[in-house]
Every structure is written in structure tokens, then in C-alpha cells.
Amino acid sequence: MYKRQKYMPLVVYFFISDSMQKSSPKRKIFVGQTQRKPGLEFKMHPLPVFNDNQPGGNKLLNKKCIITGGDSGIGRAVAVAFAKEGADVAILFLKQEEKDAKLTAKMITEVYKRKCLLLPTDISKEEKCKKAVIQVVKEFKKVDVLVNNSAVHYPEEDISKITTEHLIETFAVNVFSMFWLVKACLPNMVAGSSIINTSSVTAYRGSGGLLDYSSSKGAIVSFTRSLSANLVDRGIRVNGVAPGPVWTPLVPSSFPPKKVKVYGTDSPMKRPAQPVEVAPAYVFLASEDSSYITGQIIHVNGGEIING
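Per chain, residues are indexed from 1 in the order of the written sequence. Since the coordinates come from a predicted model, pLDDT governs what is reported: local features require at least 70, and pairs of side-chain atoms require 80 or more to be given and counted, while whole-chain, interface and lining totals use all residues. To get the side-chain values, all heavy atoms of the structure are used, and hydrogens and water are removed first.

In this section: the overall build of the chain. The secondary structure listing takes helices from DSSP runs of H or I that are at least 4 residues long and strands from runs of E that are at least 2 residues long, numbered from the N terminus. What the chain contains, in helices and strands, is 8 helices and 7 strands. Taking 308 residues into account, the globule formula puts the C-alpha radius of gyration at 19 Å, and the chain, at 18 Å, falls close to it. Counting across all 308 residues of the chain, residues that qualify as buried make up 54%. Residue pairs in contact within the chain that sit at least 24 positions apart in sequence constitute 79% of those at least 6 positions apart. Surface exposure here means Shrake-Rupley accessible area, sampled with a 1.4 Å probe, where a residue is shielded only by the protein chains that are shown. As displayed, the chain has an accessible area near 14300 Å², and 56% of this comes from carbon and sulfur atoms. Positive residues here are Lys and Arg, negative ones are Asp and Glu, while His and the chain termini are left out of the count. Here the site of a charge means atom NZ of a Lys, CZ of an Arg, CG of an Asp or CD of a Glu. Both charge centroids of the chain, one from 41 positive and one from 27 negative side chains, sit 5 Å from each other. The atom set for the radius of gyration is the C-alpha atoms, and the globule formula is 2.2 Å times the number of residues raised to the power 0.38. With a 1.4 Å probe rolled over the protein chains alone, any residue whose accessible area is under 20% of its type maximum counts as buried; one over 50% counts as exposed, and the rest are partly exposed. The contact criterion used is simple: two residues touch if any of their non-hydrogen atoms lie within 4.5 Å.

Right under this line is the structure:
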């Protein structure tokens, strides 16, 4: 049986800030740590909180869902939240992330009694995206919800040092894969289906040290809005979520220990989100609760006002 991971109770602190912008002084809240890419959640300290152990309400009962990056971070929290609401889930992840993926699948199948299809897939390749969707449809017969969530970034302060290789990889994983997966899924989607894309707060305020990443996330906002207009007559809703700082494997695998120690503490709430705090936005957008919403972005960023 799956043994529930023990976490400290999730306590949400609210702080009064003179400015609801990214301007709070940084402070150490994490242990300095670093990992090679791709980051692995089981190696993080403390472990991210991905489940609140609250009961679901069958908002996604028998829905068939695909989640890229569902092995860890926000994707894992979304996969577990969907299963809790009655959905069957297919997770696309890199082979190196298999241990994280298996833990996610174990919770989905043993705790929430839903199906979980694990598909090691390099979504930066179009043919592999197509193959993954074929496998999902073979197992689930349809696709009700597609969550485009996987992302990579390579922090670099100097644009002249951004390599073409990293630039192409960033856009292939973060943007091109969304086109390829949507194209593959659409023949298996019907009116009432939902597509949810993960953007970022950096799409709205920019990031001097994440030029290619923030540019890709801006492209996702435009893609989301344009695709929603393209599919509205088919009854397929397209929305997005733009998280602020979130405690996920992307952090220790991207930043040096010095930055990891203070990650997210310059936000208005003076801390990063836990993945479990972001997942409800995806449940909302995947469910009938958002039946009159399309082309929109939900900002889960700890109070940063971006007027987007």
C-alpha cells in the first residue's frame, strides 16, 4: 500500500506589504541545495506539499486527462487533485523522472482508486508527442482535459551567453510541444473538453535573468488566447494559469544554493507557493465550474499585481 508522506501542516501566512509587487527583502527560508537537470522532487528538502488530504467532490468524474510534467511539482499536485475529483490521468515525463512519476501514480491508483498511465516522453520532439497521445487514446478512448505544464529554463543574465541550443530547447519544450499535443489531441476531444496551459508571472513582468524562459511564457499567453478563439465554436475551452514562485524541482535544478535559500521571499507574501496551492486553479478550469470561461489566465502568484 502507498504510505502517505508526512508533511508539516500547510500553514498559509499573510503579510502586509507596502507594495503588492516583487519588492519584499529576501530572507533565507530554505536549505541551500542544487541538482542536475531535470530536478527530482524526492531529493528536495523540504519536500514540496502536493496534497492537502482533503476529500474531492467528483468534479471531474470519469474524465480522461493528460498532464505533461505530472511526475512532480505543479504537475504532480494537479494530477493528484484531478484523481481526487474522479479523473483518470496520463502523465508525460522524462525517463530520468521515473521515480517521482511512480510515486505520483501510486497515490493516484492506491489512495484515490483511479487509473494512471505513465508515459516517458521527450515532448521537445513532435513525433514523440504524437506517439504519447496515441497511447493515451488507446487506453482511455478519448481526451477530456489536456494540461500543458512541462517547462525548462536556463537562467542567464547576459543575452550574449544564451546558447542557440538552450534557446531552441526552451521553446521546443515550453511552446512547440503545446502546438504538437493540441494537434494530436483535438481529434479525440469533444464539446466540453478543456485545454489548460501553464504560463508564468514572468510573462507579464518579464525577467532579466530568464530572457528565453519569460519570452516562451509570454508566447503561451498569446497561444492560449488565440487558441481559445479558434476553438470556441467547437465548445472546447482554453485557459491558462500563471504561477508566481512555486517550490518545485525546477528551483534547485536551475539556481545556485544561494538563490535557492531565499527563493520566492521577495513576493508580497514573502514565500513561494506550495504546488498544492496552485492545483485548485487547474481543477476549476478543467471542471464545469468554469463553463463560461475561455481565453483567460488565472494568476496564482502570492499577490503580485501585474495588470494582465
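Looking now at the sheet that holds strand 5 (residues 194–198). Think of it this way: DSSP has to see at least two bridges between two strands before they count as a pair. Across the sheet, which stays open at both edges, the 7 strands sit in the order 3-2-1-4-5-6-7 with parallel pairing between neighbours. Edge positions in the sheet fall to strand 3 (116–120) and strand 7 (297–300), since each of these pairs with one other strand and no more. Strand-to-strand twist across the sheet, computed as the mean angle between neighbouring axes with direction ignored, equals 15 degrees. In this structure, strand 6 (residues 237–243) lies alongside strand 7, joined through 4 bridges in parallel fashion. Bridge pairing in strand 7 links A242 to H299. Lines fitted to C-alpha atoms define the axes, with helix axes restricted to the stretch in contact, and inter-axis angles between N-to-C directions lie between 0 and 180 degrees. In this fold helix 6 (residues 211–231) packs onto strand 5, strand 6 and strand 7, with an angle of close to 165 degrees to the strand it touches most, strand 5.

Taken as a class, soluble globular proteins show a tendency for nonpolar side chains to be buried jointly. Side-chain atoms within 4.5 Å link the members of a nonpolar core, which is a set of buried Ala, Val, Leu, Ile, Met, Phe, Trp, Tyr and Cys residues. Core analysis: the largest hydrophobic core is formed by 36 residues, its most contacted members being F82, I196, V241, V278 and Y282. Taken together, the elements giving at least two residues each to this core come down to strand 1 (64–68), helix 1 (73–84), strand 2 (88–93), helix 2 (98–111), strand 4 (145–148) and helix 8 (275–286). Here this core takes 8 residues from helix 1, the largest share from any one element. Here F82 is in contact with L60, C65, I67, A87, V89, V145, V147, Y282, V283 and A286, once residues within four sequence places are set aside. Counting residues in each nonpolar core, the second largest holds 33 residues, with C185, M189, I195 and I236 among its members.

Moving on, we get to the pairing of strand 5. In terms of burial, strand 5 is largely enclosed, as 5 of its 5 residues are buried. With burial as the criterion, each face of strand 5 is covered, one bearing S194, I196 and T198 and the other bearing I195 and N197. Between strand 4 and its parallel partner strand 5, the chain crosses via helix 4 (residues 164–185), and the hand of that crossover is right-handed. The pairing of strand 5 with strand 6 spans 5 bridges and is classified as parallel. What sits directly across from S194, in strand 6, is R237. For crossovers, right-handed means that the path from the first strand over the helix to the second runs clockwise, given strands pointing away from the viewer.

Here we come to the pattern of salt bridges. The term salt bridge refers to a pairing of a side-chain nitrogen on Lys or Arg with a carboxyl oxygen on Asp or Glu at a separation within 4 Å. Across all of its chains, the model carries 16 salt bridges by this definition. Where E304 meets R205, a salt bridge forms, and the shortest distance between an N and an O atom there is 2.6 Å. You can see E304 sitting in the segment after strand 7 and its partner R205 sitting in helix 5 (residues 202–205), a full 99 residues away along the chain. The exposure class of E304 is buried, given its relative accessible area of 7%.

Helix 4 packs onto helix 3 (residues 126–140) with a crossing angle of 35 degrees between their chain directions and a minimal axis gap of 9 Å. Taken as a pair, helix 3 and helix 4 cross one another with a handedness that is right-handed. Between helix 3, through E126, C129, K130 and V133, and helix 4, the contact on the second element is made entirely by S177, W180, L181, K183, A184 and C185. For any pair of crossing helices, the crossing counts as left-handed if the nearer helix is rotated counterclockwise from the farther one by less than a right angle, and right-handed if it is rotated clockwise.

A few words now on helix 3. In a regular helix each residue adds 1.5 Å, so 15 residues correspond to 21 Å; helix 3 covers 21 Å between its end C-alpha atoms and thus fits that length. Among all positions in helix 3, only C129, A132, V133, V136, V137 and F140 are buried. The buried side chains of helix 3 occupy one side of the element, clustering within an arc of 135 degrees when seen end-on. In helix 3, the exposed residues that point more than 90 degrees away from the buried face are E127, K131, I134 and K138. Where helix 3 is buried, its residues meet strand 1, strand 2, strand 3 and helix 4. With its phi angle positive at about 75 degrees, K141 sits one or two positions after the end of helix 3. One less than the number of residues in a helix, times 1.5 Å, gives the span that helix is expected to have. The arc in question is the one traced by the directions running from the helix axis out to the C-beta atoms.

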